[in-house]
2 protein chains.
Amino acid sequence: MNIIIDAFGGDNAPLEVILGSKRAIENLEDVHMILVGDEGKIKACAERNHISLRGLEIVHTDSVIDICEEPTEIIKSKNDCSMAVGMKMLAEGKGDAFISAGSTGALVVGATFIVKRIKGIKRTAIATMLPTSKKPFLLIDAGANHDCRPEMLVQFAIMGSIYMEKIMDRRTPGVYLANIGEEASKGRELEHLTYDLLSSANVNFCGNVEARDLPVGDIDVCVTDGFTGNMLLKLYEGMGKMMSRELKGLMTSNFISKLGALCMLKGVKKFRKKMDYTEYGGAPLLGVSKPVIKAHGSSDANAFYHAIIQAKSCVESNVVDEISNSLKEMKV
Amino acid sequence: MNIIIDAFGGDNAPLEVILGSKRAIENLEDVHMILVGDEGKIKACAERNHISLRGLEIVHTDSVIDICEEPTEIIKSKNDCSMAVGMKMLAEGKGDAFISAGSTGALVVGATFIVKRIKGIKRTAIATMLPTSKKPFLLIDAGANHDCRPEMLVQFAIMGSIYMEKIMDRRTPGVYLANIGEEASKGRELEHLTYDLLSSANVNFCGNVEARDLPVGDIDVCVTDGFTGNMLLKLYEGMGKMMSRELKGLMTSNFISKLGALCMLKGVKKFRKKMDYTEYGGAPLLGVSKPVIKAHGSSDANAFYHAIIQAKSCVESNVVDEISNSLKEMKV
């Protein structure tokens with residue numbers, strides 16, 4: 001299997017991309033990695049860090065799309081950037097999946113116009129795993145589409161449900177609609193109409209979920225529009241960081257508290273692991289005709305490695321075909 | 001000053017309402033408390049708990065509006081409930097402020113149609129203080145209006161700014177628009193148009209704030225529509241609860257960790273206090289022609305006491321007149 005990776009996406013490129021890719025070819029069966037980006041810079045970085053590039057294929061391009069640039073530039077002035085070239089290769093069948101930690105907006109535009117959507121899919125959506133006290137859940141859409149219609153949210157629900165079943169091994173995943181109350185009458189017109197459609201859709205729709213219940217961890221899929229989803233995702237991240245900082249402050253404020261912290265080191269490590277996003281890989285763009293994974297902008301080698309595992313799972317379990325077939329059956 | 005309180009709003013009514021009100025008349029200068037609700041039940045509860053009702057005025061009504069009922073019932077079949085009667089008294093000048101821990105929806109409808117809005121105000125908004133690592137900030141609208149127009153959000157910004165200045169002693173409060181990115185071009189049409197209007201409004205508008213930066217605590221006012229605001233508020237609550245639970249779990253998992261927890265008890269208490277909502281009182285409904293405070297549904301005596309202090313501050317600092325004058329000057 002050929003996995004294409006944007007060597008110049010994210011804050012830690014290209015070093016951590018190289019390290020994650022190395023780990024993948026050494027540990028995963030049947031994985032060939034293709035790094036797209038400035039060959040000279042990749043080689044210089046590898047040399048500086050005493051890393052052998054043996055076994056990694058490099059496809060050269062010297063342009064990179066910046067996170068500040070207009071996302072649509074990926075199909076205009078920046079159509080030769082590492083992200084665009086990687087997606088063109090994916091579209092042409094030169095790879096089975098594509099991973100980038102670069103601009104989310106550009107990735108969504110590129111996935112839609114270069115790789116193309118699955119037939120019948122109205123919009124691609126970003127699906128992100130979020131940690132909770134119990135099991136993690138999938139938030140979809142986490143930011144690709146600000147304005148959504150009810151039928152888009154229904155497709156997000158179907159795609160999220162398939163992803164959780166095929167990739168995360170959840171049986172008949174519980175799908176919930178993010179809302180400001182549990183009752184069907186709550187929310188805006190978008191939530192009312194979506195609630196009705198989801199009630200008769202071929203997913204295990206369990207009703208509305210309030211944001212306060214998300215961290216409890218009783219749900220599998222949380223469906224919402226990309227504006228609300230992005231707000232939830234970022235507050236989730238921000239609260240997690242704040243609490244970690246406060247916990248660290250608590251534990252290191254004086255000699256006695258440091259002693260105390262030592263006594264609960266094991267628990268703290270376990271907690272950190274549970275809250276660690278990197279273990280879930282990246283966020284798949286669902287609805288695209290080939291697997292495209294958005295890795296977190298701050299991904300390190302471990303996060304890239306897990307994104308590669310995730311890409312491999314998506315290819316092996318035919319998530320794209322499963323989504324395509326479900327849509328044909330359901331005619332949504 | 002006469003402060004009217006709904007004796008039958010919230011999960012802990014009427015006991016905690018009585019206790020909070022008692023504490024207010026004993027500790028605050030020039031405060032007379034009027035409890036609205038079933039007199040028999042109030043007296044029985046006081047007797048059962050050996051509390052003297054001396055100094056507290058009771059206005060009898062036997063009906064209560066439930067949190068599950070349609071909010072508009074407060075001006076229809078339930079126009080004799082404790083919340084409605086309290087607000088009618090406020091409108092008639094029999095009190096200076098009103099507090100309830102009952103249904104938020106009913107309180108918003110009642111405040112709008114019984115107490116009435118300030119002239120020129122398009123919508124009343126719920127303003128909630130949220131704790132952060134540094135100073136708390138005000139979230140407005142936290143849930144009164146699902147669908148908002150840009151000019152409503154500008155009024156929320158002005159009202160929030162005045163509240164933070166007059167009640168929370170913040171000088172030239174920094175006002176931010178909740179958005180999915182810091183750049184002016186981010187977000188939906190609502191955010192684009194609001195950003196433009198806020199840039200020339202008479203508030204200290206500092207641009208967009210991403211949800212991940214809210215818990216950092218560098219802002220004074222966060223403006224958003226009531227749907228997004230309610231999502232943020234509830235996720236904030238939910239994450240706080242989850243983290244507290246995890247922290248408790250960490251500290252009590254075994255004998256050694258319990259010892260460790262003892263070593264950092266002081267820090268934990270300080271952290272809990274910082275994250276404690278009850279100290280900020282309740283959430284004022286801004287834009288109403290008299291002070292109306294929504295206390296948290298799970299309020300205890302301490303939370304009611306702080307809501308009473310807050311109501312007193314609103315009366316004394318003429319928040320309503322300040323908002324009214326600002327609107328006249330700004331012609332928004």
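Below or above, wherever it landed, is the structure these notes cover. As the structure is a computational prediction, the values presented were derived from the model and not from experiment.

Take the overall build of chain A next. Within chain A one finds 11 helices and 11 strands. Taken over the C-alpha trace, chain A has a radius of gyration of 20 Å; the compact-globule value for 332 residues is 20 Å, and the two agree within 12%. By principal-axis analysis of the C-alpha atoms, chain A measures approximately 60 × 60 × 35 Å. Counting across all 332 residues of chain A, residues that qualify as buried make up 59%. Taking as baseline every contact in chain A between residues at least 6 positions apart, the subset at least 24 positions apart corresponds to 72%. Of the roughly 13,600 Å² that chain A leaves accessible, carbon and sulfur atoms contribute 50%. Measuring between centres, the 40 positive side-chain charges of chain A sit 3 Å from its 42 negative side-chain charges.

Let us now look at the relation of the copies chain A and chain B. Expressed as a screw operation, the relation of chain A to chain B combines 0.0 Å of axial shift with a rotation of 180°, fitting to an RMSD of 0.0 Å. The superposition operator between the copies reduces to a two-fold rotation axis. The rotation axis passes nearest to the C-alpha of Gly-260 of chain A in chain A, at a distance of 1.7 Å. Here 100% of the contact residues of chain A are again contact residues in chain B; the copies associate through an equivalent surface.

The subject of this paragraph is the sheet that holds strand S8 (residues 204–209) of chain A. Residues and elements named next belong to chain A. Pairing is mixed in the open sheet, where 11 strands are placed in the order S3-S2-S1-S4-S11-S10-S5-S6-S9-S7-S8. Taken across any chain shown, the strands that pair with only one partner, and hence form the sheet edges, are strand S3 (56–60) and S8. Shown here is a sheet whose adjacent strand axes are inclined to one another by a mean of 25°, direction ignored. In this sheet, strand S11 (residues 292–294) lies alongside strand S10 (residues 283–286) in antiparallel orientation, the contact comprising 2 bridges. Across the sheet, residue Pro-284 finds its bridge partner in S11, namely Ile-293.

Another aspect to go through is the environment of Ile-140 of chain B. All names here are of chain B. Relative to the assigned elements, Ile-140 resides in strand S6 (residues 137–140). For Ile-140, a relative accessible area of 0% translates into the label buried. As for Ile-140 and Pro-284, which are separated by 144 residues in sequence, their C-alpha atoms are 9.9 Å apart. Ignoring any residue separated from it by four or fewer positions in sequence, one finds Ile-140 in contact with Ala-125, Ile-126, Ala-127, Phe-156, Gly-160, Val-221, Cys-222, Val-223, Thr-224 and Leu-286.

Given 3.6 residues to a turn, an α-helix orients residues that are three or four positions apart in the same direction. Residue and element names in this part refer to chain B. Counting buried positions over the 12 residues of helix H4 (residues 104–115) gives 9, a clear majority of the element. Every buried residue of H4 is listed here: Ala-106, Leu-107, Val-108, Val-109, Gly-110, Ala-111, Thr-112, Ile-114 and Val-115. Considering only its buried residues, H4 is in contact with helix H3 (82–91), strand S4 (97–100), strand S5 (125–130), strand S10 (283–286) and strand S11 (292–294). The distance from a side-chain oxygen at the start of H4 to the backbone nitrogen of Gly-105 is 3.4 Å, and the residue carrying that oxygen is Ser-103. Positive backbone phi, at 75°, marks Lys-116, one or two positions downstream of H4.

What follows is about the environment of Val-216 of chain B. Following the sequence through the fold, Val-216 of chain B ends up in the loop between strand S8 (204–209) and strand S9 (221–223). Considering only alpha carbons, one finds Val-216 of chain B and Val-288 of chain B, 72 residues apart in sequence, at a separation of 31 Å. Residue contacts for Val-216 of chain B: discarding those within four places in its chain leaves Arg-245 of chain A together with Thr-132, Ser-133 and Lys-134 of chain B.

All names here are of chain A. Across 5 bridges, the pairing between strand S2 (residues 32–37) and S3 is parallel. Its bridge partner lying in S3, Leu-35 is registered against Ile-58. In this region the chain leaves S2, passes through helix H2 (residues 39–48) and returns to the parallel neighbour S3; the handedness of that crossover is right-handed.

Attention shifts here to the interface of chain A and chain B. In this assembly, 47 residues from chain A lie in contact with 47 residues from chain B. Carbon and sulfur atoms make up 74% of the surface buried where chain A meets chain B, a total of about 4,600 Å² over both sides. If you look at where chain A meets chain B, you find 4 salt bridges. A salt bridge links Lys-234 of chain B to Glu-210 of chain A; the nearest nitrogen and oxygen atoms lie 2.4 Å apart. Listing elements by their share of the side of chain A that touches chain B, those giving two or more residues are helix H7 (226–252), helix H8 (255–263) and helix H9 (265–274) of chain A. Top contributing element to the side of chain A that touches chain B by residue count: H7 of chain A, with 19 residues. When grouped by side-chain class, the residues that make up the side of chain A that touches chain B number 25 nonpolar, 12 polar and 10 charged.

Here we take up helix H10 (residues 301–316) of chain B. Residues and elements named next belong to chain B. The end-to-end C-alpha distance of H10, which contains 16 residues, comes to 22 Å, matching closely the 22 Å that a straight helix rising 1.5 Å per residue would cover. Taking burial as the measure, the 16 residues of H10 include 12 buried ones, the bulk of the element. Residues of H10 that are buried: Ala-301, Asn-302, Ala-303, Phe-304, Tyr-305, His-306, Ala-307, Ile-308, Gln-310, Ala-311, Lys-312 and Cys-314. Positive backbone phi, at 50°, marks Asn-318, one or two positions downstream of H10.

Moving on to the side chain of Arg-170 of chain B. Residues and elements named next belong to chain B. Among the structural elements, Arg-170 can be located in the loop between helix H5 (150–166) and strand S7 (174–178). Take Arg-170: its relative accessible area is 12%, and that puts it in the buried class. Engagement of the side chain of Arg-170 in a polar contact is seen with the side chain of Asp-220, the distance being 2.6 Å. Leave out the neighbours within four places in its chain, and Arg-170 touches Lys-135, Pro-136, Met-164, Glu-165, Ile-219 and Asp-220.

Let us look at the nonpolar core. Of all hydrophobic cores here, the largest spans 110 residues; its most connected members are Leu-214 of chain A together with Leu-214 of chain B. When residues no more than four places from it in sequence are discounted, the contact partners of Leu-214 of chain B are Leu-235 of chain A together with Thr-132, Phe-137, Val-209, Ile-219, Cys-222, Leu-232 and Tyr-236 of chain B.

Before going further, it helps to examine the sheet that holds S10 of chain B. Residue and element names in this part refer to chain B. With respect to topology, 11 strands assemble into an open sheet ordered S3-S2-S1-S4-S11-S10-S5-S6-S9-S7-S8, the strand pairing being mixed. Two strands bound the open sheet, and with one partner strand each, they are strand S3 (56–60) and S8. This sheet shows a mean twist of 25° between the axes of neighbouring strands, independent of strand direction. Strands S5, S6, S7, S9 and S10 of the sheet are contacted by H5, whose axis makes an angle of about 165° with S9.

Calculation rules
- Residues numbered from 1 in each chain as written.
- Chains lettered and ligands numbered in written order.
- Predicted model: local features only at pLDDT ≥ 70, side-chain atom pairs only at ≥ 80, totals over all residues.
- Heavy atoms only, no water.
- Helix = DSSP H or I, 4+ residues; strand = E, 2+ residues; numbered from the N terminus.
- Rg over C-alpha atoms; globule rule 2.2 N^0.38 Å.
- Buried < 20%, exposed > 50% of the residue type's maximum accessible area, 1.4 Å probe, protein only.
- Contact = heavy atoms within 4.5 Å.
- Areas by Shrake-Rupley, 256 points an atom, 1.4 Å probe, with all protein chains shown as cover.
- Lys, Arg positive; Asp, Glu negative; His and termini not counted.
- Charge placed at Lys NZ, Arg CZ, Asp CG, Glu CD.
- Least-squares fit on C-alpha atoms with pLDDT ≥ 70 in both.
- Pairing = 2+ DSSP bridges.
- Axes fitted to C-alpha atoms, helices over the stretch in contact; angles between N-to-C directions.
- Polar contact = N/O pair within 3.5 Å; in protein donor to acceptor, adjacent residues only side chain to side chain.
- Right-handed = clockwise from strand over helix to strand, strands pointing away.
- Buried area = accessible area lost by both parts, 1.4 Å probe.
- Salt bridge = Lys/Arg side-chain N within 4 Å of Asp/Glu carboxyl O.
- Nonpolar A, V, L, I, M, F, W, Y, C, P; charged D, E, K, R; others polar.
- Expected span 1.5 Å × (residues − 1).
- Core = buried A, V, L, I, M, F, W, Y, C linked by side-chain atoms within 4.5 Å.

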